[in-house]
Amino acid sequence: MPNKSVRIGGASGYWGESAMATPQLLGAGVDYLVYDYLAEITMSIMAGQKMKDPSQGYARDFVQTVMGPLLDDIKEKGIRVLANAGGVNPVACRDALQALCEKAGVDMKIALVLGDDLLMKKKNLADMGVKEMGSGQPMPAMMVSLNAYLGAPGLVAALEQGADIVITGRVADSALVLAPLVHEFGWSWQDYDKLAQGSLAGHLLE
């Protein structure tokens, strides 16, 4: 596929960034929109929100401010969306977005990629001798979030199953861009040069 191209729009680089990028990118002929909302401090803020209200802990602005007004346009243009807007509560994020789609009468297939939340495995990890990477200190007694950085495979699987929107929690920032490239170009997970190029593109877009 030497002449094939994929246009990916990086619509968010952090939680709280302006929502103006999305309508601008919709007019630019993109195939995918990707949204990165999560930093380490963001995860702790979202974890605090979820502790106060179990229905929270995700990027609510992604659902209400970004996606809500533009669902018709995104669907009409056939643009696919990947976002780590799920934060520490991806299920709630998916449910809120699904409810919004149903209210608007827009049929979107929304996929969830889970597995990053390791908080319930904290004791097992500590018993295995997992320590703080830099200092060698044991895990603190109190933790509000404990998340692994997932890679692109789960996102690719969701795209291959026909997802219009992929919601996840903690993933490597670059995975949000690498996944569409792997999906569109059929790259092998052993083609390390291509994967490195796609990861670089992901970091640049983010």
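That block above? That's the structure.
An account of the accompanying structure is given in this report. Keep in mind that what you see is a predicted model, and the values were worked out from it rather than measured.

The rules behind the values
- Residues numbered from 1 in each chain as written.
- Predicted model: local features only at pLDDT ≥ 70, side-chain atom pairs only at ≥ 80, totals over all residues.
- Heavy atoms only, no water.
- Helix = DSSP H or I, 4+ residues; strand = E, 2+ residues; numbered from the N terminus.
- Core = buried A, V, L, I, M, F, W, Y, C linked by side-chain atoms within 4.5 Å.
- Buried < 20%, exposed > 50% of the residue type's maximum accessible area, 1.4 Å probe, protein only.
- Contact = heavy atoms within 4.5 Å.
- Axes fitted to C-alpha atoms, helices over the stretch in contact; angles between N-to-C directions.
- Parallel < 35°, antiparallel > 145°, perpendicular 65-115°, else oblique.
- Left-handed = near helix turned anticlockwise from the far one by under 90°.
- Nonpolar A, V, L, I, M, F, W, Y, C, P; charged D, E, K, R; others polar.
- Pairing = 2+ DSSP bridges.
- Lys, Arg positive; Asp, Glu negative; His and termini not counted.
- Salt bridge = Lys/Arg side-chain N within 4 Å of Asp/Glu carboxyl O.
- Expected span 1.5 Å × (residues − 1).
- Arc of directions from axis to C-beta.
- Patch = residues over 30% accessible without salt bridge, like charges linked within 9 Å, V, L, I, M, F, W, Y side chains within 5 Å.
- Areas by Shrake-Rupley, 256 points an atom, 1.4 Å probe, with all protein chains shown as cover.

Here serine 44 is to be found in helix H2 (residues 40-52). Here the alpha-carbon distance between serine 44 and glycine 87, two residues 43 residues apart in the chain, equals 9.6 Å.

As a rule of thumb, nonpolar side chains are buried together in soluble globular proteins. Core analysis: the biggest nonpolar cluster contains 36 residues, and Leu33, Tyr35, Phe62, Met67, Ile74 and Leu97 have the highest contact counts within it. Looking at this core, the elements with two or more residues in it are helix H1 (21-26), strand E2 (32-35), H2, helix H3 (60-67), helix H4 (71-77), strand E3 (80-83), helix H5 (90-104) and strand E5 (165-168). If one sorts the elements of this core by residue count, H5 sits on top with five residues. Those residues in contact with phenylalanine 62, other than ones at most four positions away along the chain, are Tyr35, Tyr37, Met67, Val81, Ala83, Ala85, Cys93, Leu97 and Ile167. Of all hydrophobic cores here, the second largest spans 25 residues; its members include Val113, Leu150, Val156 and Val182.

For the rest of this paragraph, the subject is the packing of helix H8 (residues 175-185) against helix H9 (residues 192-205). In the contact formed by H8 and H9, the axes pass within 7 Å of each other and the chain directions differ by 140°. The angle between H8 and H9 places the two elements in the oblique class. Crossing angle aside, the handedness with which H8 passes H9 is right-handed. Between H8 and H9, the residues in contact are Val177, Leu178, Leu181 and Val182 and Leu195, Gly198, Ser199, Ala201, Gly202 and Leu205, respectively. In terms of residue class, the contact of H8 with H9 is built from seven nonpolar, three polar and no charged.

By the alternation rule, side chains of E3 split into Arg80 and Leu82 and Val81 and Ala83, which are all buried. Bridge analysis of E2 against E3 gives four bridges, and the strand direction is parallel. Looking at the pairing, tyrosine 32 lines up with arginine 80 of E3.

With that settled, the discussion passes to the side chain of arginine 80. Looking at the element boundaries, arginine 80 is found in strand E3. The charged side chain of arginine 80 is buried without a salt bridge, its nearest counter-charge being glutamate 184 at 4.9 Å. Those residues in contact with arginine 80 that lie beyond four places of it in its chain are Asp31, Tyr32, Leu33, Leu159, Gly162, Ala163, Asp164 and His183.

To continue, consider H9. Here H9 is 14 residues long and its end C-alpha atoms lie 20 Å apart, about the 20 Å a rise of 1.5 Å per residue gives. Burial in H9 covers these residues: Leu195, Gly198 and Gly202. Along the axis of H9, the buried positions cluster into a sector of 65°, meaning they face one direction only. Among the exposed residues of H9, those pointing more than 90 degrees away from its buried face are Asp193, Leu200 and Leu204. Residues of H9 that are buried sit in contact with H8.

Together, Met51, Met142 and Val144 give the surface a local cluster of nonpolar side chains, amounting to about 320 Å² of exposed area. Examined against the element boundaries, methionine 51 turns out to sit in helix H2. Judged by its relative accessible area of 56%, methionine 51 falls in the exposed class.

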